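For reference, the chains in residue letters:
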Amino acid sequence: MTTAFMTPAPVHAAARHTGRRRLWWLLAAGWVAHVALRLWLYRYHTGPVANPDETGYLLAARWLAGGPGADLSGSTFYQGGYPLLLVPIFWLTSDPVLAYRLVAGVGSMAAASAYPLAYLLLRRMGLGRRAALITAFVAALSPALVVFSGLALTDAILPVLVLAWLVALHDLVAYGSARAGVVAGAMAAFAMAAHLRGTVVLAVCVLVVVAVWVRRTAVVPGRDSAQGQADAAVAVRPARAVRPAVAALVSAAVVAVAGKALNGALGAALYPGGPRDLSGLLVSRLTSLEGQAWALSGAAGQLWYLVAGTWGLAGVGLAGAAATLVRRSAPYAHRVLAGALLLTTLGIAYASSAALPDEHRVGNYVYGRYLACVAVAWTLAGLIVLVKGGRLAVVRHALAAAGLMAVTGGVAAWYAGDRLERYAFIAFDFPEVIFLTGENDALNLVEASVPALVLLACLTGTAFLTARRARLLLVVGVLALIDIAFTAGQAPARPSGADWLPTPPPGRVAVDRRVRWNIWVPLAYRVSWTRIELYSDRPPAGACTAVVPYGTAPPPGWTATGRGGAQLGWATWSNGRCR
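From a predicted model like this one, the values you see are computed outputs, not experimental measurements.

### Quick notes on unusual backbone geometry
Residue N51 is joined to P52 through a cis peptide bond whose omega torsion reads 5°. With respect to the element layout, P52 can be found in the loop between α2 (8–41) and α3 (53–64). Of note in the backbone geometry, W311 takes a positive phi value of approximately 60° without being a glycine. In this fold, W311 is placed in the loop between α15 (289–308) and α16 (313–326). In the Ramachandran plot, H360 falls in the positive-phi region, its phi being about 55° despite a non-glycine side chain. Looking at where H360 falls in the secondary structure, it is placed in the loop between α17 (332–354) and α18 (372–388). Relative accessible area serves as the criterion here: at 46%, H360 is assigned to the partly exposed category.

Following this line, the structure appears as structure tokens:
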């Protein structure tokens with residue numbers, strides 16, 4: 001009997017091993033599928049399309065790799081965290097077209113990594129293995145992970161950083177893991193090195209770590225009471241509480257110092273005259289009623305876009321997080337994550353709006369890019385509510401999402417007024433809105449909200465009308481259809497026509513300071529062999545090509561090449577001594 005009793009043990013161990021191996025194969029296969037989709041979507045991209053942002057990051061990466069930089073003084077400072085990841089590309093090649101294609105590949109791999117990270121996060125939120133695999137795969141099709149994955153922008157990696165940070169933060173809180181503390185601190189500090197939005201992530205991370213540390217080392221009163229027993233459940237010995245907190249704080253400090261040094265070096269090399277300084281604007285916004293109105297209404301516009309751009313799921317997730325935060329019976333780690341994500345979202349929305357100058361564009365009042373880094377996390381939160389919640393809970397959360405969309409959209413529309421019609425509408429800022437309305441030249445908040453509410457109703461109705469056993473596949477299936485339709489609309493057409501900005505011949509290249517930035521900034525990346533030189537009077541001695549405003553007569557020794565034109569606004573000269 002003893003032998004018969006003992007024989008199943010290795011069988012169970014082998015089955016567990018086989019299950020884990022199958023799981024990793026499924027995650028790897030899903031990751032490859034997501035990479036392939038993005039590579040197909042961006043197969044025609046050969047150079048930056050979102051200038052000056054993309055070019056700023058590419059020039060930073062090329063300079064970090066030992067190549068030529070540029071003088072970007074007076075423009076927005078593009079931080080070095082993301083360009084640091086691109087350095088190996090510029091070690092492999094100096095060809096700007098090939099380098100950009102490889103950058104799109106890196107972005108595709110980073111965005112696809114949201115799939116396994118979303119799986120890990122969903123498992124920690126209580127979903128079963130199969131449900132988490134299916135839900136995470138579809139969530140990785142979210143617009144925030146599709147639109148930016150093939151572009152040279154920090155937005156290609158920020159959603160993944162946020163997901164990794166949330167997983168590590170959960171493990172730090174739930175298990176007291178020092179290793180998770182190291183990862184959480186490093187992810188938050190690296191996010192700060194990559195973009196100013198990361199400053200909010202790091203601040204929230206430090207706040208959460210310190211708060212959990214204090215809570216766990218505090219003396220627990222009233223052990224016999226229900227509240228005392230709940231507090232005692234998360235209280236541990238001081239030594240065990242200190243270790244993960246110190247690991248997180250030290251890791252964050254080390255990476256933050258390294259990031260500051262990296263950005264300091266970039267600033268000195270690429271911004272010798274200093275970057276665009278918005279500190280004065282930020283102070284005035286924070287210290288005046290008019291500035292507060294701007295910041296709060298802009299934050300409302302970002303929240304509206306977050307909800308509408310996730311087909312209402314972010315609104316459901318926000319409502320679910322608020323309910324979890326105040327529900328004492330919820331797992332402590334879940335409550336901490338809900339609070340951390342809420343603080344991060346509201347902090348980014350408010351701070352980014354307060355620091356945003358008035359550029360006379362619609363995106364100053366309603367904008368989705370800044371909160372795209374948390375959109376996937378909120379999509380997952382919304383799906384958890386729809387899949388696991390009871391029927392009445394699903395309806396309540398959906399109504400809360402609809403109300404949030406109405407209130408935030410109303411605040412943004414009230415403050416912006418007719419500026420939503422008069423100011424410039426840049427289609428790149430509104431991919432989800434264009435999908436919802438079918439219009440690529442204007443923003444109407446009501447016309448965009450209605451289809452978003454219809455999609456939310458479809459998702460909610462599917463969850464409400466089906467039993468929990470069948471609910472997962474149907475809800476996730478509806479979301480997959482929506483995301484596939486959106487992704488299909490992002491498929492680019494094959495480019496046609498001549499290149500509007502041909503690469504000049506070898507040699508030193510000089511640019512007249514009167515030439516518009518949207519010409520010379522992209523040119524700075526095209527010219528991969530030397531740093532372009534800006535001049536005010538005559539082209540510098542030794543320059544072989546000069547880029548000038550169209551219609552400018554060449555000085556002696558220089559001849560017009562015929563490139564450019566009146567519509568393009570530029571022309572080039574060639575130095576006869578370089579032939």
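### Details of the side chain of T462
The topology assignment puts T462 in helix α22 (residues 445–465). Engagement of the side chain of T462 in a polar contact is seen with the backbone oxygen of C458, the distance being 2.7 Å. Residues within four places of T462 in sequence aside, it is in contact with L474, V475 and V478.

### As for the side chain of D171
As for its placement among the helices and strands, D171 is situated in helix α9 (residues 158–175). Once residues within four sequence positions are removed from consideration, D171 is found in contact with R124, G176, S177 and A180.

Parameters and conventions
Residues numbered from 1 in each chain as written. Predicted model: local features only at pLDDT ≥ 70, side-chain atom pairs only at ≥ 80, totals over all residues. Heavy atoms only, no water. Helix = DSSP H or I, 4+ residues; strand = E, 2+ residues; numbered from the N terminus. Buried < 20%, exposed > 50% of the residue type's maximum accessible area, 1.4 Å probe, protein only. Polar contact = N/O pair within 3.5 Å; in protein donor to acceptor, adjacent residues only side chain to side chain. Contact = heavy atoms within 4.5 Å.

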